[in-house]
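Residues per chain, in single letters:
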Amino acid sequence: MPEPIALPSRREAIARARARGQRVAAVLPIHAPRALLTACNVHSVEVWGPPGVDPEIGASHFQAYTCAIVRNATSFLLAGHLDDHDAVLIPHTCDAMQGMASVLVDFVRPKMPVLTLYLPRGRRASDETYLVAELRRLGRDLTALSGVAPTDEALHAALDREAAADDAVAGLWRDRAGLALSDRAFFTLLRTREFLDAEAFVEVARTAPRGERKQRGIPVMLSGIAPEPMEIFDALDEAGAHVVADDLAGVSRRIYPRVEEPDPFRRLARSLLGAAPDPTLGQPIPERVAMVRRRMEESGARGIVVYNPKFCEPELFYLPLLAKGLAEAGLPLLHVEHEMTESLGAQTRTRIEAFVETLRGAQ
Ligand code: SF4
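Residues numbered from 1 in each chain as written. Predicted model: local features only at pLDDT ≥ 70, side-chain atom pairs only at ≥ 80, totals over all residues.

Q: How should I be thinking about the site of the ligand in this particular structure?
A: The ligand sits among 15 residues. The nearest are Cys 67, Ile 69, Cys 94, Ala 96 and Cys 312. Among the elements of the structure, helix H4 (68–78), helix H5 (95–108) and helix H13 (313–328) are those that each provide at least two residues to the shell around the ligand. Looking at which element gives the most residues to the shell around the ligand, the answer is H13, with three residues. Residues belonging to the shell around the ligand are distributed by class as follows: eleven nonpolar, two polar and two charged. (Near = placed C-beta within 6 Å. Helix = DSSP H or I, 4+ residues; strand = E, 2+ residues; numbered from the N terminus. Nonpolar A, V, L, I, M, F, W, Y, C, P; charged D, E, K, R; others polar.)

Structural data, given as structure tokens:
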């Protein structure tokens with residue numbers, strides 16, 4: 001079992017946002033402009049599944065091969081768990097997420113507005129121009145929701161706060177060796193970024209317990225979409241491995257670069273487009289292979305576990321060439337697909353044990 005660590009809850013974060021007079025939006029994965037939401041006085045609370053809901057409630061709206069994030073998130077909404085939110089924001093992460101937006105807008109019609117953001121897949125000047133216009137359109141939708149139209153100064157200030165929170169994520173990784181946290185506790189802390197405002201997250205990072213690192217065994221990197229269920233960390237620990245780097249969509253893939261640019265919408269667009277190579281952003285596969293390989297080599301990871309919900313098409317598309325590119329550098333990859341349930345299956349545990357054993361044997 002993980003050691004207890006006192007962290008603010010989602011419920012507390014929402015209550016604090018309400019007390020500040022903010023609207024609250026449920027935000028679906030992956031790349032969403034947090035700064036634009038806060039500048040429009042809207043607090044974002046992310047929905048990555050979650051596990052523990054009955055997926056059948058939402059599943060009837062989708063094909064059987066739709067990923068668990070979309071099925072569970074739709075179930076979560078239909079079961080009334082988002083009734084106290086003022087809007088749902090769905091970025092165009094992939095076809096599955098776009099399908100969810102269409103189903104909500106055209107059929108389910110929840111009582112709160114459904115907002116969208118269409119992200120370009122290229123990195124040309126025209127993609128940046130398009131994204132600036134798209135962010136301005138979303139900004140108008142958020143203003144209609146909250147009544148707050150941000151000034152350029154307000155949006156720049158919100159961008160500065162989000163950049164500080166991204167720095168805090170990177171800083172936690174830099175200080176990992178001096179944090180008295182198991183992997184599960186460390187990622188639980190990192191994932192408070194999904195629902196805390198930027199300043200609150202920076203404070204959580206600043207006060208993370210220091211001391212002897214609670215890790216042992218074979219160093220591995222963890223990639224994939226979201227570490228749900230969190231038992232994945234217990235399974236790695238029990239198998240004799242620990243996580244020394246991550247490439248999770250919900251964590252390190254969203255450490256955006258700092259951008260200097262007078263127009264805050266262009267600054268936001270450039271920052272989003274400058275994210276690390278990610279299948280959902282359409283960067284070339286060789287760039288992604290090079291980035292993952294570099295991060296593994298820098299962190300000393302001996303293998304990588306790619307942990308995805310079943311039927312995650314963007315991840316599956318990149319996987320064969322990622323595995324091949326890493327194998328050429330002597331870096332083994334284990335791909336684990338899972339249902340978004342509350343506990344990890346025995347088969348997954350066995351595969352993780354076998355993978356760690358292979359890495360140990362290669363020492
Ligand atoms: S990126 Fe993958 S897991 Fe996320 S919504 Fe799309 S298909 Fe589902």
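Q: So what exactly am I meant to see when it comes to the sheet that holds strand E4 (residues 114–117) here?
A: As a general point, the strands of a sheet are linked pairwise by backbone hydrogen bonds and lie either parallel or antiparallel. Across the sheet, which stays open at both edges, the four strands sit in the order E2-E1-E3-E4 with parallel pairing between neighbours. At either margin of the open sheet sits one strand with a lone partner, and together these are strand E2 (42–46) and E4. Shown here is a sheet whose adjacent strand axes are inclined to one another by a mean of 30°, direction ignored. One ladder, built from three bridges, connects strand E1 (residues 23–27) with strand E3 (residues 87–91); its direction is parallel. Counted as the bridge partner of Val 27 is Leu 89 from E3. (Pairing = 2+ DSSP bridges. Axes fitted to C-alpha atoms, helices over the stretch in contact; angles between N-to-C directions.)

Q: Explain the environment of Glu 203 here, please?
A: Mapped onto the fold, Glu 203 is located in helix H9 (residues 198–206). Once the C-alpha coordinates of Glu 203 and Ala 170 are considered, the two residues, 33 residues apart in sequence, prove to be 14 Å apart.

Q: Is there a simple way to think about the sheet that holds strand E7 (residues 303–309) in this case?
A: Strand order in the open sheet formed by four strands is E6-E5-E7-E8, with parallel pairing between adjacent strands. Here the strands that pair on one side only, and so sit at the sheet edges, are strand E6 (241–248) and strand E8 (333–338). Each adjacent strand pair in this sheet contributes to an overall mean axis angle of 25°, direction not counted. Of the strand pairs in this sheet, strand E5 (residues 218–224) and E6 are connected by seven bridges, and their pairing is parallel. Residue pairing in the sheet places Ile 218 in a bridge with Ala 241 of E6. Contacts between helix H14 (residues 346–361) and the sheet are confined to E5, E6, E7 and E8, with E8 contributing the most and set at about 175° to the helix. (Contact = placed C-beta atoms within 7 Å.)

Q: For this particular structure, what's the right way to read the domain arrangement of the chain?
A: It is common to report an interface's size as the accessible area lost on association of the parts. Examined at the domain level, the chain breaks down into domain 1 (10–152) and domain 2 (156–361). Between domain 1 and domain 2, the contact holds 40 residues from the first and 37 residues from the second. For the side of domain 1 that touches domain 2, the secondary structure elements donating two or more residues are helix H1 (10–19), helix H2 (34–39), E2, H4, H5 and helix H6 (125–146). The element contributing the most residues to the side of domain 1 that touches domain 2 is H6, with six residues. (Domains from an automatic or database assignment.)

Q: Looking at this model, I keep getting lost on the nonpolar core. Mind explaining?
A: A general feature of soluble globular proteins is that nonpolar side chains tend to end up buried together. In terms of nonpolar packing, the biggest core is built from 108 residues, with Ala 25, Leu 36, Val 88, Leu 89, Val 220, Leu 236 and Ile 304 touching the most fellow members. Counting only domains with at least three residues in this core, you end up with domain 1 (10–152) and domain 2 (156–361). (Core = buried A, V, L, I, M, F, W, Y, C linked by C-beta atoms within 7 Å. Buried ≥ 20, exposed ≤ 12 C-beta atoms within 10 Å, placed from the backbone.)

Q: Would you mind showing me how to read the environment of His 92 here?
A: Tracing the sequence through the fold places His 92 in the loop between E3 and H5. The partly exposed category is assigned to His 92, around which 17 C-beta atoms lie within 10 Å. Apart from the residues within four sequence positions on either side, His 92 is in contact with Met 97, Gln 98, Thr 116, Leu 117, Tyr 118 and Leu 119.

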